[in-house]
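# Structure at a glance
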Amino acid sequence: VETNKQLVPLSWDQRSTLNLNLTVGEMGNWTAGFIFQYGNGFPYTEDTRASLIRFENGAIKPATYNLDLRVEKNFNVESFNMSVFMLMYNVLDIKNEINVDAWSGRANIDLTTEQNAQKIVGVNTISEYQNNPGSFSNPRQVRFGLNLGF
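What comes next is a walk through the structure. Every residue gets a number counted from 1 within its own chain, in the order that chain's sequence is written. Per-residue local features are limited, in this predicted model, to residues with pLDDT of at least 70; the limit for side-chain atom pairs, both in listing and counting, is 80 or more; totals at the level of whole chains, interfaces and linings are taken over all residues. Calculation of side-chain values draws on the structure's entire complement of heavy atoms; hydrogens and water are dropped beforehand.

## Some remarks on a nonpolar patch on the surface
The criterion, for reference: Residues forming no salt bridge and having over 30% relative accessible area are the ones grouped into patches, like charges within 9 Å of each other and nonpolar side chains (Val, Leu, Ile, Met, Phe, Trp, Tyr) within 5 Å. What sets the accessible areas is the Shrake-Rupley method with a 1.4 Å probe; for residues, cover comes only from the shown protein chains. Any Lys or Arg side-chain nitrogen located within 4 Å of an Asp or Glu carboxyl oxygen qualifies as a salt bridge. A run of DSSP states H or I qualifies as a helix once it reaches four residues; a run of E qualifies as a strand once it reaches two. Both are numbered from the N-terminal end.
Residues Phe 75, Val 77, Phe 80, Val 84, Leu 146, Leu 148 and Phe 150 make up a contiguous nonpolar surface patch of about 700 Å² in total accessible area. For Leu 148, the location among the structural elements is in strand E7 (residues 141-149).

## Notes on unusual backbone geometry
Even without a glycine there, the phi angle at Asn 90 is positive, about 55°. Looking at the element boundaries, Asn 90 is found in the loop between strand E6 (80-89) and helix H1 (111-116).

## So, the pattern of salt bridges
By the definition in use, this model includes three salt bridges. Here Arg 15 makes a salt bridge to Asp 13, at a shortest N to O gap of 3.1 Å.

## Observations concerning the packing of aromatic side chains
Where we set the bar: Pairing of aromatic side chains requires ring centres within 6.5 Å, counting the rings of Phe and Tyr and the six-membered ring of Trp. Pairs whose planes differ by under 30 degrees are stacked, by over 60 edge-to-face, and all others tilted. Here's how the labels work: a residue is buried when its accessible area is under 20% of the maximum for its type, exposed when over 50%, partly exposed in between, all with a 1.4 Å probe on protein chains only.
Throughout the structure, instances matching the rule amount to one aromatic pair. Taking 6.2 Å as the distance between ring centres and 80° as the angle between the ring planes, the aromatic pair formed by Phe 80 and Phe 150 counts as edge-to-face. Residue Phe 80 is located in strand E6, and its partner Phe 150 is located in the segment after E7; the two are separated by 70 residues in the primary sequence. You can call Phe 150 exposed: its relative accessible area is 82%.

Laid out in structure tokens, this is it:
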């Protein structure tokens, strides 16, 4: 008897995304641009431990969203065109969950470690181990720059 076949989503299958761009300003003087990105979660293989049945990529990671900003001011200094700008990535400083635990479905909750961990002697605690910064998106970054045209 053949088992029922099931459609399996691939690891990069993101069902819905939304990208919005908004630029305001006065050409040749100043501009401000915003980029907003939203995406529902990517599939991952869940480890239920409650049953022996596991579905490949049967669970969905949490949704992610992000807002970036670019502000620029232009100047004319003698025969030079100069502009100063600021780039701000992740303006809202959102901690999007990128890598999640297969059992809990969250980035900073490792149920296996919480249930089976012995008393830790040393530098790190269990919560420090679980709050791995590599499991989250990059924090807010601010960059300043100068363009000089002649």
